[in-house]
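Descriptive analysis of the structure
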Amino acid sequence: MTGTLVSAENGPTRWIGRALKRVEDPRFLTGRATYVDDLRMPGMLHLAILRSPHAHARILRVDTRGASTVPGVAAVLVGDDLVRAMAPLRPLIPIPHPPSTYPLAVERVRYVGEPVAAVAAGDRASAEDALDAIRVEYEPLPVVVDPERAIEHGSPVLFGELGSNVLWHDTFTYGDVDGAFAAAREILAERFTMHRYASTPLETFGVIAQVDPGTGLVTIWSNDQRPGLTSGVVTDALRIPQNRLRLVGPEIGGGFGNKRKAPYLVLAAMLARQTRRPVKYVEDRQENLTALMHAANGVMDVKVALGPGGRVLALSVRDLVDEGCNLQNPTLYSLLKLSNIVNCYQIKAVRFEGYAVLTNKCPSGANRGIGKPAMCFAIERMMDLAARGLGQDPAQIRFANFIQPEEFPYETPVGAVYDSGDYPETLRRALAVADYAGLRAAQAEARQANRFVGIGIAAAVEPSTSNLSAYILATGKPGTSGVGEAALVRVELDGSVRVATGNVASGQGYPTVIGQIVADELGVTPEQVSVSPWFDSHENPWMFSSGSFSNKFAGTDTGAIVGAARAVRAKIAGIAGHLLEVAPEDLDLHDGVITVSGLPGRRVTLAEVAAAAYRDLLALPPGVQGGLEARYYYVNPTANRPDGSRRVRVQLTFSNSVHVTAVEVDPRTGAVRFLRYVIVHDCGREINPRLVEGMVHGATAHGVGATLLEEFVYDDHGQLLTGTFTDYPKPTAMDVPSFTVETLESPSPFTVLGTKGVGEGGAIPSLAAIANAVEDALAPLGIKITRLPLTPARIWEAIRHAQDAARSAPPVA
């Protein structure tokens, strides 16, 4: 059932808004959570994958005879085997005329780490030994790793059937861009280069596949984050109907978007089908860093037209996204930049020219924020550069351009509708908490002492809840639109409550906050609510957009949970009213008891109502079905399709924040030391402030690593030079500053509980805030920051060049 329509009108709450501790943490902290790698099955085989050492090569011959004779080996597969046995992989995001691809390379490899052959054996060590016995003869081909060179005529082409490496190219113009630039007092142009980095969850990607020989049912256990989307790709490839696939998601040890790898699910299932035994694959860390997915790198050419007082009249962006060898979900990084292209500002005219380009690198994929950190970085760098050119304080130019609180809901030129917020107040609070005036005074003193101290500000909108209709802009294909989630709420016979959704948590604390939501709706305590930590496509309610992505919990999951809970509540009231011989609207639910308003002595417990629903069936009101549960499939009502001007709500809720940080740069080493880091943010109504603050800390730490440390570096031959944590350092507790966090609360008028997305937020503005601070610190040397990461070596090199240039400059006459 779909239940009653969910209303955004809410009564007083007892549990929402309370900073409860996470109920799931004791399980995690004592090692009692169950992940894919914890699962064991009789007769289970282990999969190991032979990967390409070349970035681009023709496969001349694969000899697996030696591998097949290794003791314990049950099966060996190569690409040609899959061509005969399965359908080509269907992209997660459709592209026009996609080439046929399979989980193993066929005829050609296109990046280092691409799977070439797979071995299933009794244990992982035997499977890896067998890989050593596989002989592959390659003919190396020319390589292209630079996206600018990849679009040049004559560049090596990855897929000949596409004719070029440009997977997608389009230009969107909203408003009178040319007129605004013609009328501008000043035009500012800059090029920014974004690097490759990635989230690295503690748990790597994993899958177990089993095929029932009798029914043909394929059961797959995996930590894939998007089961709704993945299931169709898997069943199409295996050529089975969806009711023959049972997809089970155990607990997920962190995801951040990158655990979406349908090809591995298909590969394990193909081996399980061949061997008639369960097959398990868990990638090791080197495979994870080399070949799971990276955040796309790219180049952004940005121009702004400035009017009086530093007002931004128009914005033009040429965005070149390096997708690597990504045919599964390309254009993600391009389209999501439309959601925050004007950031917090009243920019009325926008042009966006996007390219999605293939190169011989690891496929790009979803990573916390997907393109929005880069967009925010570019805009916030431009605001600082404009302020410096105009002789303004960086805060002043932002105040001059902010969308004002009375303008909400505010529609941007691209069709995004910002729901609520107070951007000027967010900045005022951040400046006050950081003691901005005091920091500037301290900076002046530091410069007198030849110390390089800088202050950085970055403001950001933090869009969430992706509207899948936006992909029509790239695909031109209807058939997928909107976004939603599904939930089941069931009161058990004893009055306890069970909840399941289509979205398994990967560290966000869903079991805790869902317990708070349902406790308020049903008049119980969170301890009485049990939330399934698993997903099971044969049990949990789900839909195509089910899963964890784009911070959509606030924009869809809450609606599904509240919808199902209110449907159950209505049935509770109906049964209780019948038992108490009063109208349902005269009842109150609290503490697991239903009482008559004004007559607390007339009561029935929730367990007694459940007993009538499941056991004492003749006590039910006439015509009422047994049972006390409801499923609700919530669709966010604000989603739309692109209009005739190609304006669309790419994402549906908009949190906002300001980061203010102070740093000191050591000119001898290039190291950056944090002196202060203040975050003021507004994610609407907070269900659990403790969890919100934890996510703000985690996301900002992610941004610190991306800004200062992390980079996947390729040489000209397409070899990854930073494929271990030795070369690809992550921030430790020693690298992350102590954050001061304050909150504003502007409830969204568009979501059921007034909530907005949180979790990506800190990862979006932190890159710009830190970069602005470092540039401010190095301002006496005239150094401009246009690329990341700001490693000590890169900063030291910039300082050395600046000092050399100063020494070689002719003396002032």
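What comes next concerns the included structure. Think of each chain on its own: its residues are numbered from 1, step by step along the sequence as written. The predicted origin of the model limits local features to residues at a pLDDT of at least 70 and limits the giving and counting of side-chain atom pairs to 80 or more, whereas totals for whole chains, interfaces and linings rest on all residues. Heavy atoms from the whole structure form the basis of all side-chain values; hydrogens and water molecules are not counted.

We now examine the sheet that holds strand S27 (residues 651-665). The pairing criterion is simple: DSSP has to find at least two bridges between the two strands. Secondary structure elements follow DSSP: runs of H or I no shorter than four residues count as helices, runs of E no shorter than two count as strands, and numbering proceeds from the N terminus. One open sheet holds the four strands; their spatial order is S18-S27-S28-S29, and the pairing between them is mixed. Looking at which strands have only one partner, the edges of the open sheet turn out to be strand S18 (452-466) and strand S29 (740-744). Each strand of the sheet is rotated relative to its neighbour by a mean of 20 degrees, with strand direction disregarded. Relative to strand S28 (residues 672-682), S27 runs antiparallel, the two being bridged by 10 bridges. From the neighbouring strand, Val 658 faces S28, where its bridge partner is Val 680. Every residue pair with non-hydrogen atoms within 4.5 Å of one another is taken to be in contact. All axes here are fitted lines through C-alpha atoms, helices being fitted over the stretch that makes contact, and every angle between N-to-C directions spans 0 to 180 degrees. The sheet contacts of helix H13 (residues 423-434) involve S18, S27, S28 and S29, and relative to S27 the element is tilted by about 25 degrees.

A few words now on the packing of helix H11 (residues 372-390) against helix H20 (residues 766-777). Relative placement of two packed helices is described by the angle separating their axes and the distance separating the axes. As a packed pair, H11 and H20 sit with axes 8 Å apart at the nearest point and diverge in direction by 30 degrees. In terms of crossing hand, the pair formed by H11 and H20 is right-handed. Facing H11, whose interface residues are Pro 373, Cys 376, Phe 377, Glu 380, Arg 381, Asp 384, Leu 385 and Arg 388, H20 presents Leu 767, Ala 768, Ala 771, Asn 772, Glu 775 and Asp 776. Put simply, a crossing is left-handed when the front helix is turned counterclockwise from the back one by less than a right angle, and right-handed when it is turned clockwise.

Here we take up the packing of aromatic side chains. Here the aromatic set is Phe, Tyr and Trp, taking the six-membered ring for Trp, and pairing holds for ring centres within 6.5 Å; pairs whose planes are under 30 degrees apart are stacked, those over 60 apart are edge-to-face, and all others are tilted. The full count for this structure, using the stated rule, is 16 aromatic pairs. Between Trp 168 and Phe 172, the aromatic rings sit 6.2 Å apart at their centres with planes inclined by 35 degrees, giving tilted as the arrangement. Centroid distance Tyr 677 to Phe 739: 5.2 Å. Interplanar angle 80 degrees. Geometry classified as edge-to-face. Placement of Tyr 677 in strand S28 and of Phe 739 in the loop between helix H19 (689-708) and S29 is noted, with a sequence separation of 62 residues between them. Classification of residues uses two cut-offs on accessible area relative to the type maximum, computed with a 1.4 Å probe and protein chains only: under 20% is buried, over 50% is exposed, and between them is partly exposed. Overall, Tyr 677 belongs to the buried group, its relative accessible area being 1%. Residue Phe 739 is classed as buried on the basis of its relative accessible area, which comes to 10%. Put simply, the rings of Tyr 345, Phe 399, Phe 402, Phe 408 and Tyr 423 touch in pairs and so form one group of aromatic residues. Taking NZ or CZ as reference, Arg 110 lies 3.9 Å from the ring centre of Phe 159, over its face. Positioned above the aromatic ring of Phe 181, the side-chain terminus of Lys 303 is 5.3 Å from the ring centre. Distance and angle both matter: a charge sits over a ring if NZ of Lys or CZ of Arg is within 6 Å of the ring centre and within 35 degrees of the ring normal.

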